[in-house]
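# Structural characterization, general
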Amino acid sequence: MSYSRFEDALAKAVAERRIAGAVALVTDRDGAVYEHAHGARTAGQDVAMDAGTLFWIASMTKALVSVGALKLVEAGKLTLDEDLARLIPEFADLQVLDGVDADGKPKVRPARSPITLRRLLSHTSGFAYGFTSPDLLAWATATGAADPSSGSRAAHKQPLVFDPGQDYIYGIGIDWAGVVIEAASGQRLDAYLAEHVTGPLGMADTGFKLSPDQAARAASVHVRGPEGVMPIPFGLPPEPEVLPGGGGLYSTAGDYGRFLRMLMGSGPQLLSEATLRELATLQTAPGVGGFKSALPGMSHDYDPYPGMPTGYGLATLITPDPTGDGRRGGSLTWAGLANTYYWADPVDGRGGVLMTQLLPFADPEVLELFKALERDAYGV
């Protein structure tokens, strides 16, 4: 299988200083069949990208945490549809944004339905991000509320943008799912994932904190400036009250490939076949899954497959139809804020990862690189 189209496009993007570098991996059910690194971990420095490079995978964390929560469902410690207020006191009196008052200030009212694990995992709980909801952004501006990225638990108790179960919006639901995991398991989220998810899969370079060795292998986050891509200061809160289950992990392409093989039903199995089928079943109305960005400096609008009736399952976006770039219908996919992307195709038994470190999200050129990787992987 030739990957020349992808490699040529990646080399061109690096040469033109559109990205600092990237690592790509393609796997089948048995193991990695292709891995390629090109460029530098940090623009302007002579340290090359390689298979050992660590990336902040941001929202690619969500699928791992979701699988961790589903393991607790299988163990009988959680159910998908119970009212989680029994475990999370903050869920007992949640408010919903309800327009503005005569002074233009946001109004709220009590939520009319409960928060459940199914709703958290499928982004139908009503929890949003500021960058996906102008209404929530306006509320945060008006109230001066702390952002959940601060790591404070209090900052996560924000108003919902609709009643739970009534719509879809991409948001902090999986961060709350991490809190639910802690309450149900009695373990801190990092310890739980290490014991039940990343450890069994052999994902030794995946975690919320970087060791000194890992920090030396980590790629910098970049933005584009007048003369090309340039690194920016970046760091997550070192000791957060709430470990960011929605976006706090670091990982490598090789580690994530191990997780994709599990999603495709091979390698060490964390979930039963029945749960894997449920994970890959649409939980939302068809035609949702992307978002309009309320903060263009953080993310572009994201609709990876316009016109396709995509939707969110219990861990990932589901593409019910063939993509036209190789993937079969029923494939699983999602991404991370710094332009990291993956797919898992359980029908064909093929998956792929592309990791860069560039803001804002949904960069059109990186998305084209991801498509080129998929096309070469399938010989399309």
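An account of the accompanying structure is given in this report. (Residues numbered from 1 in each chain as written. Predicted model: local features only at pLDDT ≥ 70, side-chain atom pairs only at ≥ 80, totals over all residues. Heavy atoms only, no water.)

Across the sheet, 7 strands lie side by side as β2-β1-β13-β12-β11-β10-β9; this open sheet has antiparallel pairing. Every interior strand has two partners, whereas the edge strands, β2 (32–39) and β9 (311–312), have only one. For strand β10 (residues 317–319) and strand β11 (residues 331–336), the ladder comprises 3 bridges, and the chain directions are antiparallel. Note that in β11 the partner of Ile318 across the bridge is Leu332. (Pairing = 2+ DSSP bridges. Helix = DSSP H or I, 4+ residues; strand = E, 2+ residues; numbered from the N terminus.)

This part takes up the pairing of strand β12 (residues 340–345). One face of the sheet, then the other: side chains in a regular strand alternate in exactly this way. Burial of β12 is extensive: 6 of the 6 residues sit out of reach of the surface. The two faces of β12 match: Thr340, Tyr342 and Ala344 on one face and Tyr341, Trp343 and Asp345 on the other face are all buried. Sheet topology places β11 next to β12; 5 bridges connect them, and they run antiparallel. In the sheet register, Gly336 faces β12, and the bridge partner there is Thr340. Between β11 and β12, which follow one another and run antiparallel, lie 3 residues, and Asn339 among them has a positive phi close to 65°. With 6 bridges joining them, β12 and strand β13 (residues 350–355) adopt antiparallel strand pairing. Among the inter-strand pairings, Tyr342 is bridged to a residue of β13, identified as Val353. Counted between consecutive antiparallel strands, the loop separating β12 from β13 contains 4 residues, among which Gly349 sits at a positive phi close to 75°. (Buried < 20%, exposed > 50% of the residue type's maximum accessible area, 1.4 Å probe, protein only.)

On inspection of all chains with the given rule, the structure shows 22 aromatic pairs. Here Phe91 and Trp176 contribute two aromatic rings whose centre-to-centre distance is 5.0 Å and whose plane-to-plane angle is 65°, an arrangement assigned as edge-to-face. In this pair, Phe91 sits in the loop between α2 (61–74) and β4 (95–100) while Trp176 sits in helix α6 (residues 173–185), placing the two residues 85 residues apart along the sequence. Ring plane angle 5° and centroid distance 5.6 Å describe the contact between Tyr170 and Phe291, whose orientation is recorded as stacked. Taken as a pair, Tyr170 in the loop between α5 (153–156) and α6 and Phe291 in the loop between α10 (273–279) and β9 lie far apart in primary sequence, 121 residues in all. Each of the two residues, Tyr170 as well as Phe291, counts as buried. (Phe/Tyr/Trp six-rings, centres within 6.5 Å; stacked < 30°, edge-to-face > 60°.)

Across 4 bridges, the pairing between β4 and strand β5 (residues 106–110) is antiparallel. Paired with Val100 across the two strands is Pro106, which belongs to β5. Hairpin connection of β4 to β5: 5 residues between the antiparallel strands, including Gly104 at a positive phi of 80°.

Tracing the sequence through the fold places Arg109 in strand β5. Residue Arg109 is classed as buried on the basis of its relative accessible area of 16%. A polar atom in the side chain of Arg109 sits 2.7 Å from the side chain of Asp163. Those residues in contact with Arg109 that lie beyond four places of it in its chain are Leu94, Gln95, Val96, Asp98 and Asp163. (Polar contact = N/O pair within 3.5 Å; in protein donor to acceptor, adjacent residues only side chain to side chain. Contact = heavy atoms within 4.5 Å.)

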